[in-house]
Amino acid sequence: MEGSVVEAESLLARCKSVADVNVVEAELIGKRSRLAEVNRELRGLPPDVRRERGRRLHEVRGRIESLLVARREELRAASRQTRLESDRIDLSEVMSFPLDRGGRPGGRMGPPAPARGHPGVVQRTRDELEDVFVGMGFIVVEGPEVETDWYNFEALNMPPAHPARGMWDTFYLRLGDPETVLLRTHTSPVQIRLMQAQRPPIYAVVPGRCYRRDTPDARHVPIFHQIEGLVIDRGISFSDLAGTIDAFTTAYFGEGIHARLRPAFFPFTEPSAEFEITCTICAGVGCRTCSQTGWIELGGCGMVDPAVLGAVGIDDEEWSGFAFGFGIDRCAQMRHGIPDMRVLLENDARFLRQL
Ligand code: PHE
């Protein structure tokens with residue numbers, strides 16, 4: 001019987017899991033174990049032998065039980081430890097770059113450097129455009145992407161049911177009365193917010209995301225970015241607008257790219273123009289991206305309509321100004337020669353890595 005304790009020790013030492021311990025437990029003290037059999041035999045023994053045997057049996061069983069408890073706890077602790085090790089996030093691997101002997105990254109010691117992310121092409125284009133305008137004396141402000149009908153249309157000289165609203169296919173939100181809250185279709189509503197917040201003179205640009213229910217194609221995606229410009233001061237004329245557009249085009253695209261203004265219509269500017277540059281994909285020859293015209297429309301511009309100044313209580317006798325709004329994604333597309341704008345939304349790492 002005493003041999004059972006030694007046997008238990010060696011069996012338990014070989015156990016690799018709690019499940020193994022359960023098997024060994026059945027073998028050692030279960031109903032069909034040797035000890036259970038000894039227990040059953042007790043009944044047939046004379047009382048004094050039975051008492052003595054029963055006491056030893058109880059003692060052996062107790063020792064085996066505590067061995068089982070100890071081994072189970074040992075195995076549980078070990079598995080907890082393994083799990084902790086495998087779950088641990090090794091920040092040092094991400095943060096330390098292998099350094100060569102001169103302390104420069106990229107040496108042969110240590111793990112290979114993980115790939116580093118970088119700002120996307122649209123974000124970088126936005127930063128660059130902001131820099132150009134900050135250099136020209138503009139401030140940078142932002143406005144909300146969820147707008148009311150009043151800011152997106154009405155205050156911009158488009159009363160309800162005005163036909164020009166059809167120029168922007170709009171996503172409406174189920175908030176408040178039907179068709180009162182929407183995803184802004186352009187950054188122009190921020191013109192209104194700016195003029196409400198600040199008395200002229202105003203020299204500001206507003207970059208941000210816009211939404212239109214457009215079918216995606218080479219030049220359109222339903223979520224895109226614009227940069228709006230607003231200048232309000234005394235004695236501002238169309239030539240200030242043309243000169244600003246020209247200065248911007250040269251600063252951002254370089255000397256080789258030409259811009260042209262063509263007459264257009266926007267309810268919130270008068271006169272209005274469309275702002276186009278030479279298509280960089282085909283160098284003006286004509287291609288699929290520019291629908292064979294050789295020109296790419298970057299956006300619209302014009303002199304702020306007196307009705308808009310009226311909507312925010314600015315005296316149009318004293319003040320005048322111009323506004324423009326053009327596509328940041330389009331700028332990125334032309335600057336980097338991206339034939340199809342849809343790749344900007346696809347998140348294909350092979351594309352993103354190149355930019
Ligand atoms: N908001 C116009 C658009 O998105 C562009 C524009 C801005 C035109 C400012 C004139 C003045 O189409």
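Definitions and cut-offs
- Residues numbered from 1 in each chain as written.
- Predicted model: local features only at pLDDT ≥ 70, side-chain atom pairs only at ≥ 80, totals over all residues.
- Heavy atoms only, no water.
- Domains from an automatic or database assignment.
- Helix = DSSP H or I, 4+ residues; strand = E, 2+ residues; numbered from the N terminus.
- Salt bridge = Lys/Arg side-chain N within 4 Å of Asp/Glu carboxyl O.
- Buried < 20%, exposed > 50% of the residue type's maximum accessible area, 1.4 Å probe, protein only.
- Expected span 1.5 Å × (residues − 1).
- Arc of directions from axis to C-beta.
- Near = heavy atom within 4 Å.
- Polar contact = N/O pair within 3.5 Å; in protein donor to acceptor, adjacent residues only side chain to side chain.
- Areas by Shrake-Rupley, 256 points an atom, 1.4 Å probe, with all protein chains shown as cover.
- Nonpolar A, V, L, I, M, F, W, Y, C, P; charged D, E, K, R; others polar.
- pLDDT = per-residue confidence, 0-100.
- Contact = heavy atoms within 4.5 Å.
- Core = buried A, V, L, I, M, F, W, Y, C linked by side-chain atoms within 4.5 Å.
- Axes fitted to C-alpha atoms, helices over the stretch in contact; angles between N-to-C directions.
- Parallel < 35°, antiparallel > 145°, perpendicular 65-115°, else oblique.
- Left-handed = near helix turned anticlockwise from the far one by under 90°.

Enquirer: Can you explain the domain arrangement of the chain? Please cite residues and give values.
Expert: What the domain assignment lists for the chain is domain 1 (2–87) and domain 2 (121–354). In this structure, domain 1 and domain 2 have C-alpha centres spaced 80 Å apart.

Enquirer: I'd like to hear about unusual backbone geometry, residue by residue, with values.
Expert: Cis geometry marks the peptide bond from Pro200 to Pro201; its omega dihedral reads 5°. Mapped onto the fold, Pro201 is located in the loop between helix H8 (189–197) and strand S4 (202–211). Residue Pro271 is bonded to the preceding Glu270 through a cis peptide linkage, with omega at -5°. Assignment of secondary structure puts Pro271 in strand S7 (residues 269–278). Even without glycine at this site, Glu179 takes up a positive phi of about 55°. By the secondary structure assignment, Glu179 is in the loop between helix H7 (149–152) and strand S3 (181–183).

Enquirer: Hey, could you go over the pattern of salt bridges for me, with residue numbers and the actual values?
Expert: It is possible for side chains bearing opposite charge to pair when their charged atoms get close. Under the counting rule described, the total for this entry stands at 20 salt bridges. Across the pair Glu25 and Arg72 runs a salt bridge whose closest N-O atoms are separated by 2.7 Å. Remark: Arg72 occurs in helix H4 (residues 47–87) and Glu25 occurs in helix H2 (residues 18–29); sequence separation between them is 47 residues. A residue is classified by how much of its surface remains accessible, and Arg72, at 15% relative accessible area, is buried. Arg209 is the salt-bridge partner of Glu145, the closest N and O atoms lying 3.6 Å from each other. You can see Glu145 sitting in the loop between strand S1 (139–140) and strand S2 (146–148) and its partner Arg209 sitting in strand S4, a full 64 residues away along the chain. Within this structure, Glu52, Arg55, Glu59 and Arg63 form a network of salt bridges that share partners.

Enquirer: Quick one: what's the story with H2, residue by residue and with numbers?
Expert: For H2, built from 12 residues, the straight-helix expectation of 16 Å at 1.5 Å per residue is met to within 8% by its first-to-last C-alpha distance of 16 Å. Listing the buried residues of H2 in full gives Val21, Val24, Leu28 and Ile29. With its buried residues spanning 100° around the axis, H2 presents them on a single face.

Enquirer: Could you give me a rundown of the site of the ligand, with the residues and numbers involved?
Expert: Around the ligand, 15 residues are found, and the nearest of them are His186, Ser188, Arg212, Gln226 and Gly325. Between Ser188 and the ligand, the recorded distance is 2.8 Å, taken from a side-chain N or O atom to a nitrogen atom. Arg212 has a polar side-chain atom sitting 2.9 Å from an oxygen atom of the ligand. Protein coverage of the free-state accessible area of the ligand, which is 320 Å², stands at 95%. Taken together, the elements giving at least two residues each to the shell around the ligand come down to strand S5 (223–233), strand S8 (295–304) and strand S9 (320–327). When residues of the shell around the ligand are assigned to their parent elements, the largest contribution, 3 residues, is made by S9. Of the residues that constitute the shell around the ligand, the class distribution is 6 nonpolar, 7 polar and 2 charged.

Enquirer: How would you summarise the confidence of the model for the chain if you had to cite specific residues and measurements?
Expert: When pLDDT is averaged along the chain, the result is 89, and 93% of the positions lie at 70 or above. Considering only residues more than four positions removed or in separate chains, one finds that residues 93–98, a stretch of pLDDT under 50, has 14 contacts.

Enquirer: Tell me about the nonpolar core, and name the residues and values.
Expert: Core analysis: the largest hydrophobic core is formed by 41 residues, its most contacted members being Phe133, Phe248, Phe253, Leu298, Phe324, Phe326 and Cys331. Each residue touching Phe248, except ones within four places of it in the same chain, is listed here: Leu129, Val132, Phe133, Phe253, Phe275, Phe326 and Cys331. Core analysis: the second largest hydrophobic core is formed by 26 residues, Leu156, Met158, Ala164 and Leu182 among them.

Enquirer: I'd like a description of the packing of helix H1 (residues 3–14) against H2, backed by residues and values.
Expert: H2 packs onto H1 with a crossing angle of 165° between their chain directions and a minimal axis gap of 10 Å. One finds that H1 runs roughly antiparallel with respect to H2. Here H1 runs over H2; the crossing is right-handed. The residues of H2 that touch H1, namely those facing Ser4, Glu7, Ala8, Leu11 and Leu12, are Val21, Val24, Glu27 and Leu28. When its residues are assigned to classes, the contact of H1 with H2 shows 6 nonpolar, 1 polar and 2 charged.

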